[in-house]
Amino acid sequence: MGTGSSKDRSRQSTSPEDTSRVNPPPSSSDSHSYSSQLVGGANPETGEPCRSRQVHSLTAQTGHGNNTMSNYNVQTNAVSSVQKTKDQLLKGVSILKETLDSQDDVPHVFVVFGASGDLAKKKIYPTLWWLFKDGLLPRQTYFVGYARSDLTVQAVRDKSTQYMKLQDDEKDKFEEFWKMNSYVKGSYTERTDFEHLNQEINTLPKGDLAHRLFYLALPPTVFKDVSSNVRLCCMGHDGLEESTVSTGSGGWSRIIVEKPFGRDSESSADLSQHLSKLFREDQIYRIDHYLGKEMVQNLMVLRFGNKMFSPLWHRDHVQCVVITFKEPFGTMGRGGYFDESGIIRDVMQNHLMQILSLVAMEKPASTSAEDIRDEKVKVLKCMPPLELENVVVGQYTGDPQGEGDAKNGYLDDKTVPKGSVTPTFASAVVFVKTERWDGVPFIMKCGKALNERKAEVRIQFKDVPGDIFGGQCKRNELVIRVQPQEAVYCKMMVKAPGMNINPEESELDLSYGARYKGVKMPDAYERLILDVFCGAQLHFVRSDELREAWRIFTPLLHKLENEKIKPAPYKYGSRGPQEADDLARKFGFIFSGTYKWTKPQL
Ligand code: NDP
Ligand code: BG6
C-alpha cells in the first residue's frame, strides 16, 4: 500500500463498477453557488442538532428544531416574497457559518472509499467541493481518498474537475480545497492497509481526535470487508465499548453506504446484520439520493402544511397515484453493471418506494427523523408483496431511425450478457392496505431509454359525481414534479373565458423556477452529505424500511429471474411498452390526451 497527500501517492487499479448511479456530465452553464441561498446547521462537534436560539428562530415556522439541513432551509409561505426568502437564507448561512467556525478545534476527516471510481469523481468530490466553497463544512475538514488504484491527489483532481462547475473567480478557493485532500492507496481486504489509513488520518492535524466520516462509494462486493476493516482499524472513539475500539480517541465515526443494499431480502438481511454488529444504527447512513431532492422533501410540507389537502388525500377522492421515473438514455455501454440489478432494483425498490411511502404515510407525531421513519415503515408494512400479474417489464430495442446511442438496443450493449432478460423498464401496481388507501392503486413506472427525463408523483382524482356539464370535465390531477424543473401543479376545470359556461382544462401552477427565481436548489448529495456532518438521519433509510421494501419485491424478483420472464420490447425513445399503459388503464388511470399546457409569459 502507498499513500498520497497533496504530495503524491501510488499503486494498482480498480474502478467500482456501479457508475450508473451517477448521471451524464452536468451542464457547465449551471452555476453552482448557493451560499447566499442555502441554510443548514447542527453542532459539528457532537453531531447533535444545533439548538441555538438563532437556529430555532429559523425553524420557528415548523415548530421543530430538527437538525436536517432542509429544516433550516427557506421556510416559505404564500405571502413571503422571494426577497424575504433570500434574506432569510442569508441570515441562515451566517448562523451556520458561526456555528461551524466555533468548532474549529475539532477537525473532521471525510474518507472516500472508491476514490478512483465513477461515483466519486462525478458526485462525491464535486459535492465536497461545493460544500467547501460555500463554507458549509467545518473549517478544518480534511478529505482522504482511498482506493486500490495507483493514484495521486492530482489524478483524482484531474478526473473530477470537469464535474465541479468551477467558476473563474473560484480558483484560489479551489486550490485551498485540494490542499485539504490526500490519497491513500490500499486494498479493501487487508487489515494492514486500513491500519495504514488510520495512521494517515492520525498524522493530519489533531487527526487522532477527529470526527470521521467514511463514504463507501464502492461496489457491494466489498461493503463487508471495508466496513469490518473500518471498524477494526479506523474508528474514532465515540461511545463504543472501550475493549472493541482499537484506535482513536475523542471523535465520532459515521459510515455512509451507497445502494444497492443487497439484492433481495436474504442478502439485505445479511448485510444489515453484518453492519449492525459493527456500528450502531445512528452511525449508519444508507443513502437513497432521492430523499435529498427538493420536491421529495417538499412532500411532507405539502401534505401536512395545507389543510386543503388532508381531506382529499384519501381513498374517497383519489382514483390512483402514479409515481414515475423516466430517463432518455440507455446503459451507454455500461450495461454489464446494470444487468446485475435491472430497473426494479436500481430505481423502483428504493427511489420510487421511498417516494411512495412519503405520499402514503399518516401524519407523524413530529418532524423528528424517528417519528417520520416510523410512519414510513407503517406504510410498507401494510403493503402485500407484488404480484406478477400486476407488473409489466420491458427492455429497450434500438431505434433504426434514432441518432447515436439510440440506434442500440439493450442487447446490443457488448457488456450485456447475450439473451439477457433483465428489465430496463417496469411498471407495477401496489396497494397500501390501510383505512386511508385500501383499494387505491399506486402505479410505479420507471425506465431507461424513454422519451424524456422526468420524475413525478401524479395523483389522479375521481370523476366529479353528478355531472352537469355533459361529460366535458376531465379528472383533476395534482402533479408534484421532482425533476426536471421542479413544480407543483393541479390540473383543474375552469370556465372558458367568454359568454358561455363551458368548462375548460387549466391548472393552478407553482413552477419553482418562476416563484423562486434566482434561488439555487442544492443538489441531493449536498443536502445528504451535509446531513451526515450534522448527524441528521431523517433523509436516510432505516434498516426496517429496507427490510420491508425487500419483503415487497423479493418474491417478484425471484419469479422474474427463476422463470426467465421475457420483458416486452419497447423502442429507444418511446414511452415504454404499450402493455404498461394497458396496465394503468386496467387500474383506473385515465389519460384523456386533451390537456395542453401553455407556459405562462410574465
Ligand atoms: P398530460 O395529460 O399530457 O399527461 C398526463 C399523463 O398521461 C402523464 O403521466 C403521461 O405519462 C400520461 N400519458 C401521456 N401519453 C399517454 C398515452 N398515450 N397513454 C397513456 N398515458 C399517457 O399532462 P401533463 O401533466 O403531463 O402535462 C403536459 C405537459 O405540460 C407536461 O410536459 C408538463 O410538464 C407540462 N406542464 C408543466 C407545468 C409547469 O412546469 N409548471 C404545469 C403544467 C403542465 P408518461 O409520463 O408515462 O408519458
Ligand atoms: C441511480 C440509478 O440511483 O439514480 C441510476 O442507479 C439512475 O440508474 C439515477 O440513472 C438517477 O438519478 P437522478 O438523480 O438523475 O434522477
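Above this text sits the structure in question.
Only a predicted model underlies this, so the values are computations on that prediction, with no experimental measurement involved. (Residues numbered from 1 in each chain as written. Chains lettered and ligands numbered in written order. Predicted model: local features only at pLDDT ≥ 70, side-chain atom pairs only at ≥ 80, totals over all residues. Heavy atoms only, no water.)

### What about the pairing of strand S8 (residues 318-326)?
Piece 1. The element S8 is extensively covered by neighbouring structure, given that 9 of its 9 residues are classed as buried.
Piece 2. Where S8 and strand S12 (residues 454-461) come together, 8 bridges link them in antiparallel fashion. Looking at the pairing, Val318 lines up with Phe461 of S12.
Piece 3. Pairing analysis gives 6 bridges linking S8 to strand S11 (residues 442-447), with the strands arranged parallel. Looking at S11, one finds that Val322 is bridged to Ile443. (Buried < 20%, exposed > 50% of the residue type's maximum accessible area, 1.4 Å probe, protein only. Helix = DSSP H or I, 4+ residues; strand = E, 2+ residues; numbered from the N terminus. Pairing = 2+ DSSP bridges.)

### Here's the deal with the site of ligand 1
Piece 1. Not every one of the 17 residues close to ligand 1 is listed here, only the nearest: Lys445, Lys454, Arg481, Asp509 and Ser511.
Piece 2. In the model, an oxygen atom of ligand 1 is placed 2.7 Å from a nitrogen or oxygen of the Tyr489 side chain.
Piece 3. Bound to the protein, ligand 1 loses 78% of the 900 Å² it would expose on its own.
Piece 4. Within the residue set of the shell around ligand 1, elements represented by two or more residues are S12, strand S14 (487-495) and strand S15 (503-511).
Piece 5. Partitioned by chemical class, the residues of the shell around ligand 1 number 6 nonpolar, 1 polar and 10 charged. (Near = heavy atom within 4 Å. Polar contact = N/O pair within 3.5 Å; in protein donor to acceptor, adjacent residues only side chain to side chain. Areas by Shrake-Rupley, 256 points an atom, 1.4 Å probe, with all protein chains shown as cover. Nonpolar A, V, L, I, M, F, W, Y, C, P; charged D, E, K, R; others polar.)

### Comments concerning the packing of helix H8 (residues 223-233) against helix H9 (residues 265-278)
Piece 1. Between H8 and H9, whose axes approach to 10 Å, the crossing angle comes to 5°. As far as their axial angle goes, H9 and H8 are roughly parallel. Contacts from Phe223, Lys224, Ser227, Ser228 and Arg231 in H8 reach Asp270, Leu271, His274, Leu275 and Leu278 in H9.
Piece 2. Broken down by class, the residue content of the contact of H8 with H9 amounts to 4 nonpolar, 3 polar and 3 charged. (Axes fitted to C-alpha atoms, helices over the stretch in contact; angles between N-to-C directions. Parallel < 35°, antiparallel > 145°, perpendicular 65-115°, else oblique. Contact = heavy atoms within 4.5 Å.)

### Details of the environment of Phe113
Piece 1. With respect to the element layout, Phe113 can be found in strand S2 (residues 108-113).
Piece 2. Separated by 103 residues in sequence, Phe113 and Leu216 place their C-alpha atoms 5.1 Å apart.
Piece 3. Every residue in contact with Phe113, bar those within four places of it in the chain, is listed here: Tyr146, Phe194, Leu197, Phe214, Tyr215, Leu216, Ala217, Leu218, Val226 and Val230.

### Things to note about the side chain of Ser253
Piece 1. Mapped onto the secondary structure, Ser253 falls in strand S6 (residues 253-258).
Piece 2. Using a relative accessible area of 2% as the deciding quantity, one classes Ser253 as buried.
Piece 3. There is a polar contact of 2.8 Å between the side chain of Ser253 and the backbone nitrogen of Gly236.

### Notes on the side chain of Gln349
Piece 1. Among the secondary structure elements, Gln349 is positioned in helix H12 (residues 335-360).
Piece 2. Among the residues examined, Gln349 registers a relative accessible area of 5% and is labelled buried.
Piece 3. A distance of 3.4 Å separates a polar atom in the side chain of Gln349 from a polar atom in the side chain of Asn350.
Piece 4. Beyond its immediate stretch of four places on either side in the chain, Gln349 contacts Ile344, Leu546, Ala549, Trp550 and Phe553.

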